[in-house]
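Summary of structural features
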Amino acid sequence: MEPTTRELSLNKGKFEESVLYKLKKDWVLRFKLGPDCLAENVSIFTNYPPAGCEYHRTSYHPLPWHCPSQHDKTSHYAQLTVLLPGSFHFYFTTTSTLPTHTPAGGGHFLVDPELVYPLDSIICQTVLSKLLGPLPTWKDKLEVAHRSGYNMVHFTPIQALGASNSAYSLADQHQLNKTFSPASSQATFADVEEVVASLRSDWGLLSICDIVLNHTANETPWLAEQTEATYNLLNCPHLRPAFILDRVVKRLAADTGAGVWVGKGIPKGEISSPAHINVCKTLLHTFYLPKVNIPELFLLDIDKTVESFTEKIKETPENSESCGEEMKIIQDPEYRRNMSTINLDAAVAKYNKPRDNINQEEERIQACVAQFQQDLICLVSSKHSEVMAHLSQAVENVGTGAAYQHVDPHGPRLTAVSVREDQELVAPYFTCPDLSTLEEELELAHSPEGAHCMAHNGWVMGDDPLRNFALPGSNVYLRRELVAWGDSVKLRFGDKPEDSPFLWRYMTEYVVQTARIFDGLRLDNCHSTPLHVASFMLDQARKVRPNLYVSAELFTGSEAKDNMFVNCLGITSLIREGMAAWDSHELGRMVYKYGGDPVGSFKWTSSTQKIAPGTAHALFVDWTHDNPSPVEKRSVQDMLPSAALVSMAACAVGSNRGYDELVPHHIHVVQEDRPYAGWSALGDSTGMVVARRELSMLHQKLAREGFSEVFVDQMSRDVVAITRHSPTDRRSVIMVAFTHFFPDNVIETSGLKLEVEGRLTEVLLEGKMVCKSGTDKCEKFVQAKEVINGLDCWSAEVKTGSADLVKIISDGADGRVRIDLDGLTPGSFLVVEIEPQDLHKQAISSLRNVDTDRLDSIVREMTLLDIQFALFQCDQEGQELGFGSYNVPGWGELHYCGLAGLVPVLDCMRPSNDLGHPLAGNLRSGDWLVEFISTRLASQQGTVQLAGWFSSAFSSLKVLPRFLVPRYFDSVIMAASAALQQQAVSLMSPFISTGSDFVKKLAMGSVIHTSAVPSAPLPPLSPALSPPPSHPSPTLAAGLPHFSTGYMRSWGRDTFISLRGMLLVTGRFLEARDIILGYAGTLRHGLIPNLLDGGKNARFNCRDAVWWWLRAILDYIEMAEDAGQIMKDPVVRLYPGEEETVQPLEDVVSEALAVHATGLQFRERNAGVKIDEHMKDEGFNNQIGVDKETGFVFGGNISNCGTWMDKMGSSAQAGNKGDPSSPRDGSAVEIVGLSYSCLRDLARLGGEVYRHQEVAPLGTLTTWADRIKDNFDKYFWVGSKSGAEVDKKPEFTNKILIYKDTLNSGNLFTDYQLRPNYAITLAVAPDITDPHHAWAALKTMQESLLGPLGLATLDPTDWAYRGDYDNSNCSSDRTLAHGANYHQGPEWVWPVGFFLRALLKVGKLVGEPEYQSAVSVANSVLARHYSHLCSSPWLGLPELTNSKGAFCRDSNPIQAWSMATLLDTLYDMDRETA
């Protein structure tokens, strides 16, 4: 069995630090080169360790590349099998990032730990460890978790706590909480480990424990000795202003407690109203802050600075040059009063200037000093205002914090305020020695004892979690933006262990010890813990426990930042709070968001697929331990249905100890000191313990049995239905819960019914909250003094196996389950299991076991033409056979009538499970599409058997529940499509069948464009051919959809430009032979037709098609390896002249050459509007011939356009009607090159293969060819501004180091235009010219014409350049109207293949460095085409693009020659390697 493989594409500049790529153990991660890396030498590195090596985060190892094809880099890959859990990083470098080794891209991949339970089956209960009491009592208290069905317990820290008794303020990380020790002995960490081990072995309870890394209790013993481990006033003098402000606030509290401000309206020792708060703020502004003058810590002494400036300017020569540096205050690093400075040198340079109307030096200096002093005063004033703005905000924040603490009805309302630590006005920002006066504290700030003034930790609302708010540059402490924890000092790790050796060592030992005891860690305050610290600590923890489970709660406010933490730390599950939901709709949304796929999700049919970004795994908790009770925020009745809804989430879930006991208040992590009750004191009758157990069992069953799909239905404001669905056997478990979010606004629900397809298997569970008093009211809750207790008057009743709350109307005997939900009341829920009907089960089984053997057998008998019909056909082709493209309502027509019209759409839907796509909707709504597919395939003999296979598969599909139809339709279509594509490439040449994905994608262009279309037949072929021709014989479409049927399908030029790549490289020699011979039969006037139109109505208005035809014949002889037999094959002539109707091909070739050699003038048959409504009369007059002196073929006139640049003007309004945009008459450069290559290769065939070795009156073929070669550079090479060696026209020379586009054209200037056509000559005849000239000309073309996908058809610097084609342009601009600029700048794709082939061949001739450069360019250019191919819904490459690669709406989206010439290039590169 093939391993599960995920492919990740490497793309330059893509640093995916916030993208999650999730893997499981034993999966293979395969790296492939993205399009922009194909031209580079890429090295990939990862810190995932090689086999036998230990993981080190900073140790990277190279991955070797596997290269099935040396030159085709789309086949290259590197991979690794992941066996270790955790988070790992990779990066890659490219040629362009060397030698600095700078990464060009990178990211992370996550490997889940393997626990006893699947991650999605975890159900975790949080306990405050400090409330567990002595260790011998733990098992009794923790048995509550076991009996309630939890399989994991989360412990808050077990270490010694500080004076505040906060569960998260640790006094000593190496000491156990003293409350764990029984009276008779001292408990140890080993004792805790023993208890935790027994939980695991006796009850299967896993355990995780908090680690706290970024703060420690104020009372921590080692703080006095290890002050460097804190942010204090000695090592962080930038905190001194904030400290002074903190002391000011403290003095206000002390004075309030002493009754100092009674006269201002503040009672002694009391803050209890908004008016008191306002007085406090006024006092801070007007009394306390002026006493300490904090702005002075940021300012400079103006007088001293002016004095220093004056002395310096007197010593410095006058500076007449301008100086742009603005003057700014340089902060004194010690924050002493008025000790900041400025850069005096820069100031003197700025102000020591000549002064108008001042001649005396002393006066000039005085003026300079005065200007300086004036600006300095402004600067100081501005700085003073800036600091005062910070202080004003600080006062506002003090007021806000004090209001919440003392006044706000939603706050604690602790009205006492005094000097006492438990009666603070607001939480202090620093812990420090107590001093009696403010003046002493001001001195302390700048003394060595300031090392003991340490900043508290806390959190900053809305701050960047990746920023350390205690470092210089942050004003958080000064502006009082920190929600401070006054019992804990913030720890200062620095950037590396060497910065604080004790702290790193001490905390590492603490973390490792905790990891040894527990199965996992919860990283407390994760968002404020420095990433480099947390990652280091977790790396050490994983050394002792490789399968470490790590959870954390993040408050970054950004999923991207959450993901950065997950990636860096290898977090297994992010804690998500159910209490954050404000109504049942939001809670249902959370259930859907935090786990599972949509019901009816698509399934990948291959074990290898592209890796998709994931979402962080969730630990979804109904009540977290640091929040008020749900009873306080909602109601006691809601506790059961909300817990039930959370338990239906397809992720890890959890709760807090006290939820199940219905504790109606916050079990405070600081203030609570009563212990939990043990199981011996509770039992099943307590609260909702039994209900929790049943819900826990349900949650684990759903995960264990693979109910991985989720659907949420909001049935009413308070009623939510959650479906968990199994994609394996298609069972569904449905919960309907009646929530009670709004106890004062209950909306009665009537008439609700649950109705689903299937059969009711079982009522799994129902439950409701019951008030023991018989009403919804119960006696006032009284807190027990000795133990944490819950509401006695409420409990949850649950029942399994039958339903009392609802009425089963139908159990599904008729195919539909119907349940009347009127019996549900607020605080109740129902859970049922539904199985598919027998008919559905059979259909699903049939579709899961679809007969792929029969499919393969059918497909093996299909020809490429059969496959073209099954997979492709554009709408126009399909219409001729009775079936156009299928129209998807709300989406539009599919691009192909065959299966390939569906594949790109399904490929886009599948990764994101886009079941809302119109195609999915159409499939659910009816069987129209499946009927279309079967009926269409049944209409052709070659696909009848395939139609039968589809009909069989679709018969099962039709009876499915409609929500499943898209998923199984996708599987059927993809299975058939894959089999057909595999068969297609297997019928092609070994180069294709064993080639890369890029090669195969290009080769599919052969299948797409080659078919037998009734309206576009091939001319008749001789029955004497061996092997006999196909009937009907296929033709090559120029492009789709515009050139697919009728007279517009078959173009002589396009066909033979495409033939090598589309038919010869792919090994389709029979089709190639027939097309060559079919066109040969139409030869007339020595020409091959431009538009074939079946041969009878052919147009002979192109001069180049005959040479492309000849080139194709010679390529056929070389590649088909038939020893030239085709030259003897009979041709049925449609225009025989004086010869017999049937003659060998070599005679037809000879006739074409002879007509050119002797010359011919003719007028097109049927000349006039019947064949061309736009051409002027003189345009129908044609001429071809050969210049006897140079051997160059010539022809045409300025009123026709006989080459591929054949746009005829058609706008009478713009005045371009009948005027070709690019007539290219005379000797076109590519025709000269093609004719030379054909003559050269015909001569090389010899008389046995081609007997006409002489052409009168030009002599032998070799003589003619040599004459062309001898003259080519003389007439075409433009090496300087003077123009070509012969026929110099410097007045027309715009570009040099090029070859002329034409010679002796009627519009003389066009000879010297830079166009891409000479690339064709250099590709087919690199020996025609000096290779150094050719290399220079190709580099000019690369620099001037090469775009993202195509070559510009005209130099962008040419006055005639118009780069954007719009065929509907109706303007009066003759250069643009009706798309006149078709070949005047838009970037055509097909010439790129010739450019690359030329570059490779010429590079080889010039030298190895040039050849390697050519290979690099080819890879770079081809990469962009591969990228386009991979995303094209037409599965092809376009005809052209507008300027700079912009989309052109009038271009064919897929064009035969665009794909053919690139396949030619890859074929040539492969042959060169071989």
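Criteria and cut-off values
Residues numbered from 1 in each chain as written. Predicted model: local features only at pLDDT ≥ 70, side-chain atom pairs only at ≥ 80, totals over all residues. Heavy atoms only, no water. Helix = DSSP H or I, 4+ residues; strand = E, 2+ residues; numbered from the N terminus. Buried < 20%, exposed > 50% of the residue type's maximum accessible area, 1.4 Å probe, protein only. Contact = heavy atoms within 4.5 Å. Areas by Shrake-Rupley, 256 points an atom, 1.4 Å probe, with all protein chains shown as cover. Lys, Arg positive; Asp, Glu negative; His and termini not counted. Charge placed at Lys NZ, Arg CZ, Asp CG, Glu CD. Polar contact = N/O pair within 3.5 Å; in protein donor to acceptor, adjacent residues only side chain to side chain. Patch = residues over 30% accessible without salt bridge, like charges linked within 9 Å, V, L, I, M, F, W, Y side chains within 5 Å. Salt bridge = Lys/Arg side-chain N within 4 Å of Asp/Glu carboxyl O. Pairing = 2+ DSSP bridges. Axes fitted to C-alpha atoms, helices over the stretch in contact; angles between N-to-C directions. Phe/Tyr/Trp six-rings, centres within 6.5 Å; stacked < 30°, edge-to-face > 60°. Lys NZ or Arg CZ within 6 Å of the ring centre and 35° of its normal. Parallel < 35°, antiparallel > 145°, perpendicular 65-115°, else oblique. Left-handed = near helix turned anticlockwise from the far one by under 90°. Core = buried A, V, L, I, M, F, W, Y, C linked by side-chain atoms within 4.5 Å.

**Side note on the overall build of the chain**
- Check the secondary structure of the chain and you find 37 helices and 54 strands.
- Residue burial in the chain is summarised as follows: out of 1474 residues, 59% are buried.
- Long-range contacts, defined here as pairs at least 24 residues apart, represent 72% of the contacts in the chain between residues at least 6 apart.
- Surface exposure of the chain reaches about 56000 Å², of which carbon and sulfur atoms provide 51%.
- Taken together, the 132 basic and 178 acidic charged side chains of the chain have centroids lying 2 Å from each other.

**A short note on the environment of R516**
- Here R516 is to be found in helix α9 (residues 501-517).
- In the structure, R516 is positioned 323 residues away from E193 in sequence and 8.1 Å away in space, judged by C-alpha atoms.

**Structural notes on the side chain of R1103**
- Residue position: R1103 is located in the loop between α28 (1069-1080) and α29 (1105-1120).
- There is a polar contact of 2.8 Å between the side chain of R1103 and the backbone oxygen of R1224.

**Description of a nonpolar patch on the surface**
- Together, W459, M461 and V483 give the surface a local cluster of nonpolar side chains, amounting to about 300 Å² of exposed area.
- Its place among the elements puts W459 in strand β17 (residues 454-460).

**Quick word on the sheet that holds strand β15 (residues 215-217)**
- The sheet built from four strands is open, its strands ordered β15-β18-β17-β16 with antiparallel pairing. The open sheet has two edge strands, β15 and β16 (430-431), and neither has a second partner.
- Where β16 lies against β17, two bridges are found, and the strand directions are antiparallel. By the bridge assignment for β17, T431 is matched with M454.

**Some details on a negative patch on the surface**
- A contiguous patch of negative charge on the surface is contributed by D303, E307, E311 and E315.
- Here D303 shows up in helix α5 (residues 302-314).
- For D303, a relative accessible area of 57% translates into the label exposed.

**Considering the sheet that holds strand β32 (residues 807-811)**
- An order of β29-β33-β32 is seen for the three strands of this open sheet, with the pairing classed as antiparallel. Every other strand in the sheet has two partners, leaving β29 (753-757) and β32 as the edge strands with one partner each. Each strand of the sheet is rotated relative to its neighbour by a mean of 10°, with strand direction disregarded.
- Where β32 lies against strand β33 (residues 816-820), four bridges are found, and the strand directions are antiparallel. Looking across to β33, one finds that K807 is bridged to D820.

**Describing the packing of aromatic side chains**
- A complete count under the given rule lists 58 aromatic pairs for this structure.
- Both rings, one in W138 and one in F180, keep their centres 4.9 Å apart while their planes meet at 80°; by these two values the pair is edge-to-face. A residue pair is termed long-range when its members are at least 10 positions apart, and W138 in helix α1 (residues 138-147) and F180 in the loop between β13 (170-176) and α2 (189-203) qualify at 42 residues. For the pair W138 and F180, one class covers both residues: buried.
- One aromatic cluster is present, formed by W1108, W1204, Y1365, Y1382, W1388, W1390, F1394 and W1457 through successive ring pairs.
- Its end group placed over the ring of W27, R6 keeps NZ or CZ at 4.6 Å from the ring centre.
- Taking NZ or CZ as reference, R967 lies 4.3 Å from the ring centre of Y968, over its face.

**Observations regarding the packing of helix α34 (residues 1331-1345) against helix α36 (residues 1408-1431)**
- At a closest axis distance of 13 Å, the pairing of α34 and α36 adopts a crossing angle of 25°. Here α36 runs roughly parallel to α34, going by the angle between their axes. Between α34 and α36 the crossing geometry is left-handed. Every residue of α36 that contacts α34 at W1335, K1339 and Q1342 is listed here: E1410, S1413, A1414 and V1417.

**Remarks on the nonpolar core**
- F109, I933, F950, F969, W1109, L1145 and L1153 are the most contacted members of the largest nonpolar core, which totals 232 residues.
- Here this core gets 13 residues from one element, more than from any other, and that element is α29.
- Aside from chain neighbours lying at most four places away, what touches L1145 is I1076, L1077, A1080, W1109, I1113, I1126, M1127, D1129 and V1131.
- Y506, A515, L554 and L662 belong to the second largest nonpolar core, which has 121 residues in total.

**Points about unusual backbone geometry**
- Residue P1041 is reached from L1040 by a cis peptide bond, and omega for that bond is 0°.
- Of note, P1041 is situated in the loop between β39 (1039-1040) and α27 (1052-1064).
- For the peptide bond that leads from A1256 to P1257, omega is 0°, which places it in the cis range.
- Structurally, P1257 can be placed in the loop between β46 (1254-1255) and β47 (1259-1260).
- The phi torsion at D26 lies on the positive side, around 80°, for a residue other than glycine.
- In this fold, D26 is placed in the loop between β3 (22-23) and β4 (28-33).
- The partly exposed category is assigned to D26, whose relative accessible area is 42%.

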